[in-house]
Amino acid sequence: MRIVLLGGPGSGKGTQAKKLVDRLGIPQISTGDIFRAALKEGTPMGLKAKTYMDKGELVPDDVVIGVVEERLAKPDLNKGFMLDGFPRTLPQAQALDKILQAQGKPIDHAVLVDVPEEELVTRLSGRRTCKNSDCGMMYHVKFNPPKKEGICDTCGKDLYQRDDDSEATVRERLTVYNKQTAPLIDYYDKKSILRRVKGVGPIDQIFASIEKVLT
Ligand code: AP5
Ligand code: MG
Ligand code: ZN
């Protein structure tokens, strides 16, 4: 199954993707995670991406599309994949369709995790993320705290607060989302593969709604 996860910053794409990995046995491809891992390694691509991410702006399409194209060529995707945070612009969506068309493997479902804007700000200001990029589990100090403060339940490494989770940057990310990414809802709706899920409430309940729309 080939899935695109759509939704604003902090809507829970990453949280739900981790659960889908366990359930469906298909990999999560998060462009945000790829950039953060590249930055940690100090590669030129990672350093370039950081200058955009810190401002809450989008990394240029040609860079992102190149990264995804490379990832989609890897051999671990025969059961499918889940794209988290890509595509985020119309040109990215069109490029993705072109790549997949060439392989005869189109997207099956575009799942929109729908969350009101004010809730997103609260979620991101309390988010904590695992430092271990192979794990990358995320928590919330109030809504989804780890068992031991500051430590990842899954792998035992320290948690940190992302640089772009300050309130000013979050506001900018929301503006960018509304302007550049929200039009993709219509794009996938017109292809009749948009699946809307209410993204507010307990994490497990949202997961159950996602599973339902995928069947
Ligand atoms: P990216 O890393 O993709 O960030 P994002 O889209 O802003 O989304 P987030 O990761 O912030 O949120 P999420 O939806 O994954 O929510 P999460 O599950 O963590 O991108 C970062 C940057 O990279 C971009 O700004 C851009 O610069 C660049 N970039 C990436 N992809 C790009 C692309 N394609 N093109 C151009 N640039 C690109 O949950 C958030 C919090 O809420 C957590 O604390 C969680 O515990 C909590 N939570 C989750 N579910 C619930 C719930 N049901 N109730 C209460 N709390 C909840
Ligand atoms: Mg995420
Ligand atoms: Zn971890």
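Scoring rules and cut-offs
- The numbering scheme is per chain: residues are counted from 1 as the chain's sequence reads.
- To read the labels, note that chains go from A and ligands from 1, taken in the order they are written.
- Given that this is a predicted model, residues contribute local features only at a pLDDT of at least 70 and side-chain atom pairs are listed and counted only at 80 or more, while totals for whole chains, interfaces and linings are drawn from all residues.
- Working from all heavy atoms in the structure, the side-chain values ignore hydrogens and water.
- Helix and strand labels come from DSSP, where a helix needs a run of H or I of at least four residues and a strand needs a run of E of at least two; each type is numbered from the N terminus.
- One side-chain nitrogen of Lys or Arg within 4 Å of one carboxyl oxygen of Asp or Glu is enough to make a salt bridge.
- Burial classes follow relative accessibility: with a 1.4 Å probe on protein chains only, a residue under 20% of its type's maximum area counts as buried, one over 50% as exposed, and anything between as partly exposed.
- Donor atoms: N, O and S within 2.8 Å of the metal, or within 3.2 Å for Na, K and Ca. Because water is excluded, sites can look incomplete.
- Sites are called tetrahedral only when four donors show all angles between 85 and 135 degrees, square planar or octahedral only when four or six donors show opposite pairs over 155 degrees and all other angles between 65 and 115, and irregular in any remaining case.
- We define a nonpolar core as any set of buried Ala, Val, Leu, Ile, Met, Phe, Trp, Tyr and Cys residues linked to one another through side-chain atoms lying within 4.5 Å.
- Whether two residues are in contact is decided by their heavy atoms: any pair within 4.5 Å suffices.
- Note on terminology: near, applied to a residue and a molecule or strand, indicates that one of the residue's heavy atoms is within 4 Å of it.
- Between N or O atoms, a polar contact is any pair within 3.5 Å; within protein, one atom must be a potential hydrogen donor and the other a potential acceptor, and residues adjacent in sequence are included only when both atoms are from side chains.
- In this description, accessible areas are obtained by the Shrake-Rupley approach with a 1.4 Å probe, and a residue is regarded as covered only by the protein chains that are shown.

Draft legend 1. Representation of unusual backbone geometry. The residue after Phe 86, namely Pro 87, is reached through a cis peptide bond having omega -5°. By secondary structure assignment, the location of Pro 87 is in the loop between strand E3 (81-84) and helix H5 (90-103). Notably, Ser 192 is not glycine yet its phi reads approximately 60°, a positive angle. Following the sequence through the fold, Ser 192 ends up in the loop between helix H8 (183-190) and strand E8 (194-198).

Draft legend 2. Representation of the pattern of salt bridges in the model. Per the stated rule, a full pass over the model turns up 18 salt bridges. Note that Glu 211 is salt-bridged to Arg 23, the shortest N-O span being 2.7 Å. Of this pair, Glu 211 sits in helix H9 (residues 203-213) while Arg 23 is found in helix H1 (residues 13-24), placing the two residues 188 residues apart along the sequence. A relative accessible area of 27% places Glu 211 in the partly exposed class. Arg 23 gets classed as partly exposed once you look at its relative accessible area, which sits at 49%.

Draft legend 3. Region of the structure containing the coordination of the zinc ion (ligand 3). The coordination sphere of the zinc ion (ligand 3) contains the protein donors Cys 130 (SG), Cys 135 (SG), Cys 152 (SG) and Cys 155 (SG), at a distance range of 2.3 to 2.4 Å. Bound by four donor atoms, the zinc ion (ligand 3) shows angles of 95 to 115° at the metal and therefore tetrahedral coordination geometry. Spacing between the donor residues of the zinc ion (ligand 3) along their common chain follows C-x4-C-x16-C-x2-C. With a gap of 17 residues between them, Cys 135 in the loop between strand E5 (127-130) and strand E6 (138-140) and Cys 152 in the loop between E6 and strand E7 (159-160) connect regions that are remote in the sequence.

Draft legend 4. Inspection of the nonpolar core at higher detail. Within the largest apolar cluster, 32 residues are counted, with the highest numbers of intra-cluster contacts made by Leu 72, Leu 83, Leu 96 and Tyr 188. Only strand E1 (2-6), helix H3 (44-53), helix H4 (61-72), E3, H5, strand E4 (109-114) and H8 provide two or more residues apiece to this core. For this core, the element with the highest residue contribution is H4, accounting for six residues. Not counting chain neighbours up to four residues away, the residues in contact with Tyr 188 comprise Val 4, Leu 6, Pro 87, Ala 93, Leu 96, Ala 110, Ile 193 and Leu 194. Among the nonpolar cores identified, the runner-up in size contains twelve residues, and Leu 20, Val 111, Val 197 and Leu 214 belong to it.

Draft legend 5. Broad picture of the site of ligand 1. Taken together, 35 residues surround ligand 1, and among them Thr 15, Glu 57, Arg 88, Arg 127 and Arg 173 come closest. Within the side chain of Thr 31, one N or O atom sits 2.7 Å away from a nitrogen atom of ligand 1. Gln 92 is positioned with one of its side-chain polar atoms (N or O) 2.9 Å from a nitrogen atom of ligand 1. Protein coverage of the free-state accessible area of ligand 1, which is 1000 Å², stands at 97%. If you list the elements that add at least two residues to the shell around ligand 1, you get H1, helix H2 (31-41), helix H6 (117-125), E6 and H9. No other element matches H2, which puts four residues into the shell around ligand 1.

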